[in-house]
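# Coordinate analysis (summary)
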Amino acid sequence: MAEEILLITDDDQPIGLDELLDASGLVHDDVIELVAIGVFQPLGTASTWTFQARTLHQARRAARLRDDFGLNAPGMALALTYLERMEVLEGRLRELESLLPRP
Amino acid sequence: MKFKDYYSTLGVEREASNDEIKKAFRKLARQYHPDVAKDQESDHKFKEINEAYQTLSDQEKREAYDQLGRHSPGEDFRPSPEWDSRFWQDGASQGASAPTGDPTIDLADLFEQMGFRSAHQGRSGEAAFSRRGQDYEVATTISLEDAARGSEVALDLDVPEIGLDGTMHRVSKTVRLRVPKGVIDGERLRVAGRGAAGIGKGPAGDLYLAIRLQPHRLFKAVGHDLYLEVPITPSEAVLGGDIEVPSLDGRLTLNVKPGTRGGQTLRLAGKGLPKRKQGSGNLYCVLQIATPPSLSDRERELYQELAKLSTFQPRLHLQDGQQGDQSNG
């Protein structure tokens with residue numbers, strides 16, 4: 001088999017609504033609600049929404065939380081907000097730990 | 001095929017109701033879910049819990065599982081011919097037996113294929129059954145140097161694939177992936193359309209690669225910034241001077257100002273990890289004052305002489321009645 005080298009999807013390339021739905025497993029209504037709550041920030045108008053590539057990772061996580069914990073859209077929004085805040089704080093903690101002398 | 005006890009994985013009785021099964025799953029998920037727990041052990045445990053739940057939460061699969069009978073976990077078994085004809089070969093099936101003799105197929109694959117077949121058969125009146133291919137999720141650990149330069153990783157995938165005719169097989173394949181420079185720890189990269197092939201008109205799934213950075217001997221990475229602990233001598237801290245420090249692009253000279261305190265941080269702009277498009281993070285040198293583990297007689301004499309001579313009082317603010325009179329800065 002010919003050796004093939006796969007390339008990463010460009011991070012700057014915005015993704016459309018259909019791709020977001022297909023790749024994440026969220027349904028249209030979930031996305032509408034998550035946009036209304038402000039967790040997802042699309043560009044363009046409702047008929048031409050595009051999303052930043054990072055939204056796909058959020059959307060996949062939201063779908064996992066929905067499937068595994070039975071969360072509805074407000075629940076997904078809250079969990080995503082907390083998880084992201086935790087990640088920011090974990091980053092800040094790593095930063096502060098890096099300032100301490102090694103034991 | 002090796003038997004797995006899905007009931008004991010979820011910690012429920014064989015007679016448990018659907019509701020009890022769901023509750024047991026949620027309770028375990030709260031503890032081991034990948035969005036909750038980050039360690040590999042939990043990850044592995046959650047896969048087992050999820051596999052058990054996927055089968056036991058589906059009436060048809062649960063019945064088929066129950067009819068496999070009781071075996072000890074890990075025991076090698078083959079479903080009976082009755083099981084095969086009842087759960088596998090009915091409907092519009094091709095009459096093939098369940099692929100239980102195939103050592104690469106495990107119980108999870110079997111039930112997944114069953115789900116696929118019933119969906120397939122349920123819609124046999126429609127023109128064609130389509131389903132999006134599964135996503136592949138893999139993790140790789142790369143060095144800091146490779147994250148900075150960009151690298152190629154070879155991923156060994158061992159994945160079940162279901163053909164258009166409903167037969168399942170596991171395929172091992174190696175894919176090579178170019179990891180661009182500028183990735184950071186915890187980042188997830190996507191290769192669209194390179195997961196499992198779709199079924200019918202369904203599109204292919206995607207491939208996701210989670211990046212982990214190997215801990216480096218010297219540098220600690222936080223996002224694109226690097227932290228380096230730099231020990232300096234007491235004299236360097238007092239008198240200042242130029243010192244050499246390592247960086248990802250070779251050695252750099254750092255100017256330590258006279259009167260440097262321990263824990264003080266010097267920023268070398270743009271000497272951290274490069275970013276994907278342009279620019280780089282910073283390198284932070286955290287200065288720590290190291291004391292010599294042993295002294296020569298002469299050194300000790302000089303320190304003693306200095307101690308006698310010095311008027312420096314760093315603890316003045318800790319004395320009674322002196323609070324706030326002197327800053328410690």
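Residues numbered from 1 in each chain as written. Chains lettered and ligands numbered in written order. Predicted model: local features only at pLDDT ≥ 70, side-chain atom pairs only at ≥ 80, totals over all residues. Heavy atoms only, no water.

## Details of the side chain of S143(B)
We apply this condition: Numbering of helices and strands starts at the N terminus; helices are DSSP runs of H or I of at least 4 residues and strands are runs of E of at least 2. Pairs of residues are marked as contacts when any of their non-hydrogen atoms sit within 4.5 Å.
Counting through the fold element by element, S143(B) comes out in the loop between β1 (136-142) and α7 (144-149). Residue contacts for S143(B): discarding those within four places in its chain leaves L213(B) and Q214(B).

## Remarks on the packing of aromatic side chains
Residues and elements named next belong to chain B. Short version of the rule: Pairing of aromatic rings covers Phe, Tyr and Trp, the last through its six-membered ring, and needs centres within 6.5 Å; plane angles under 30 degrees mean stacked, over 60 mean edge-to-face, and all others mean tilted. Three labels apply to residues, based on accessible area from a 1.4 Å probe with only protein chains included: buried if under 20% of the type maximum, exposed if over 50%, partly exposed otherwise in between.
Under the definition given, this model contains 11 aromatic pairs over all chains. Centre to centre, the rings of F3 and Y65 are 5.8 Å apart; their planes meet at 15°, and the pair counts as stacked. Residue F3 is located in the segment before α1 (6-10), and its partner Y65 is located in helix α4 (residues 59-66); the two are separated by 62 residues in the primary sequence. Taken as a pair, F3 and Y65 share a single burial class, namely buried. Measuring from ring centre to ring centre gives 5.5 Å for F3 and F77, while their planes differ by 80°; the resulting arrangement is edge-to-face. Of this pair, F3 sits in the segment before α1 while F77 sits in the loop between α4 and α5 (81-88), and the two are 74 residues apart along the sequence. On the basis of relative accessibility, which here comes to 6%, the residue F77 falls in the buried class. Three or more aromatic residues joined by ring pairs form one cluster here, namely F3, Y6, Y7, Y65, F77 and F111.

## Side note on the sheet that holds strand β6 (residues 219-222) of chain B
To keep it simple, the criterion reads: Only strands joined by at least two bridges in the DSSP assignment are considered to pair. Lines fitted to the C-alpha atoms define the axes, with helices restricted to the stretch that makes contact. Angles between their N-to-C directions range from 0 to 180 degrees.
With mixed pairing, four strands are arranged side by side in an open sheet as β6-β7-β11-β10 (chain B). Here the strands that pair on one side only, and so sit at the sheet edges, are β6 and β10 (265-268) of chain B. In this sheet, neighbouring strand axes are inclined to one another by 25° on average, regardless of whether the strands run parallel or antiparallel. Two elements, β6(B) and strand β7 (residues 225-232) of chain B, share four bridges in a ladder whose sense is antiparallel. Following the sheet pairing, F219(B) is matched in β7(B) by L228(B). Sheet contacts for helix α4 (residues 73-98) of chain A: β6, β7 and β11 (283-289) of chain B; angle to β6(B), the most-contacted strand, approximately 155°.

## Considering the pattern of salt bridges
The test is simple: Any carboxyl oxygen of Asp or Glu within 4 Å of a side-chain nitrogen of Lys or Arg constitutes a salt bridge here.
Summed over the entire model, instances satisfying the criterion amount to 23 salt bridges over all chains. Between R64(A) and D35(B) there is a salt bridge; the shortest N-O distance is 3.0 Å. Residue R64(A) is located in helix α3 (residues 53-69), and its partner D35(B) is located in the loop between α2 (18-32) and α3 (40-56); the two belong to separate chains. The exposure class of R64(A) is partly exposed, given its relative accessible area of 27%.

## Some remarks on the pairing of strand β5 (residues 207-213) of chain B
Side-chain direction in a regular strand flips from residue to residue, so the side chains alternate between the two faces of the sheet. Residue and element names in this part refer to chain B. Most of β5 is tucked away: six of the seven residues are buried. As judged from the seven bridges shared by β1 and β5, these two strands associate in the parallel manner. Along β5, the bridge assignment pairs V138 with L209.

## Things to note about the confidence of the model for chain A
The line we're drawing: A residue's pLDDT is the predictor's confidence in that residue, given on a scale from 0 to 100.
Put simply, chain A has an average pLDDT of 90, and 97% of its residues get 70 or more. Looking at the elements of chain A, mean pLDDT is at its lowest for strand β1 (residues 5-6) of chain A, recorded as 78, and at its highest for helix α2 (residues 28-37) of chain A, recorded as 96.

## So, the interface of chain B and chain A
To be explicit about the condition: Summed over both partners, the accessible surface that disappears when two parts come together, traced with a 1.4 Å probe, is what is meant by buried area. What qualifies as a polar contact is a pair of N or O atoms within 3.5 Å, subject to a donor-acceptor requirement within protein and to the restriction that residues adjacent in sequence count only when both atoms come from side chains. Gly counts as polar in this scheme, as do all residues outside two lists: the nonpolar Ala, Val, Leu, Ile, Met, Phe, Trp, Tyr, Cys and Pro, and the charged Asp, Glu, Lys and Arg.
Contacts between the two partners involve 41 residues from chain B, matched on the other side by 34 residues from chain A. Counting the surface chain B buries against chain A, the share from its top three residues, D35(B), R176(B) and R190(B), is 20%. If you look at where chain B meets chain A, you find five salt bridges. One salt bridge connects R190(B) with E19(A), and the closest N-O pair in it is separated by 2.9 Å. For the interface between chain B and chain A, the tally reads 10 residue pairs in polar contact (both at pLDDT 80 or more). Elements with a contribution of two residues or more to the side of chain B that touches chain A: α2, α3, β3 (168-179), β4 (188-191), β5, β6, β7 and β11 of chain B. Of the residues in the side of chain B that touches chain A, the class split is 17 nonpolar, four polar and 20 charged.

## Considering α3(A)
Operational definition: Residue count minus one, scaled by 1.5 Å, sets the expected span of a helix.
Look at α3(A): 25 Å from first C-alpha to last across 17 residues, which is about the 24 Å you get at 1.5 Å a residue. Burial within α3(A) is extensive, with 13 of its 17 residues counted as buried.

## So, the packing of α3(A) against α4(A)
Residue and element names in this part refer to chain A. Short version of the rule: In what follows, roughly perpendicular refers to angles from 65 to 115 degrees, roughly parallel to angles under 35, roughly antiparallel to angles over 145, and oblique to any angle outside these ranges. Helix crossings are classified by the rotation of the near helix relative to the far one: an anticlockwise turn of less than a right angle makes the crossing left-handed, while a clockwise turn makes it right-handed.
Two numbers describe how α3 lies on α4: the axes approach to 10 Å, and their chain directions differ by 120°. Judged by the inter-axis angle, α3 sits oblique to α4. Like other packed secondary-structure pairs, α3 and α4 cross with a definite hand, here right-handed. Packed against α3, whose contacting residues are R54, Q58, R61, A62, L65 and R66, the element α4 presents M76, A79, L80, L83, E84 and E87 at the interface. Across the contact of α3 with α4, the residue classes tally to six nonpolar, one polar and five charged.

## Considering the nonpolar core
Going by this rule: Definition of nonpolar core: a set of buried residues of the types Ala, Val, Leu, Ile, Met, Phe, Trp, Tyr and Cys, connected through side-chain atoms within 4.5 Å.
One finds L26(A), V31(A), F40(A), F51(A), L10(B), Y65(B) and L107(B) to be the most contacted residues of the largest nonpolar core, which totals 57 residues. Residues within four places of L26(A) in sequence aside, it is in contact with L21(A), V31(A), L34(A), F40(A), A59(A), A62(A), A63(A), R66(A) and M76(A). L6(A), V138(B), L189(B) and L207(B) belong to the second largest nonpolar core, which has 39 residues in total.

## Observations regarding the confidence of the model for chain B
This prediction gives chain B a mean pLDDT of 86; 86% of its residues lie at or above 70. Confidence, read as mean pLDDT per element, is least for helix α6 (residues 107-122) of chain B in chain B (71) and greatest for strand β8 (residues 241-247) of chain B (97).

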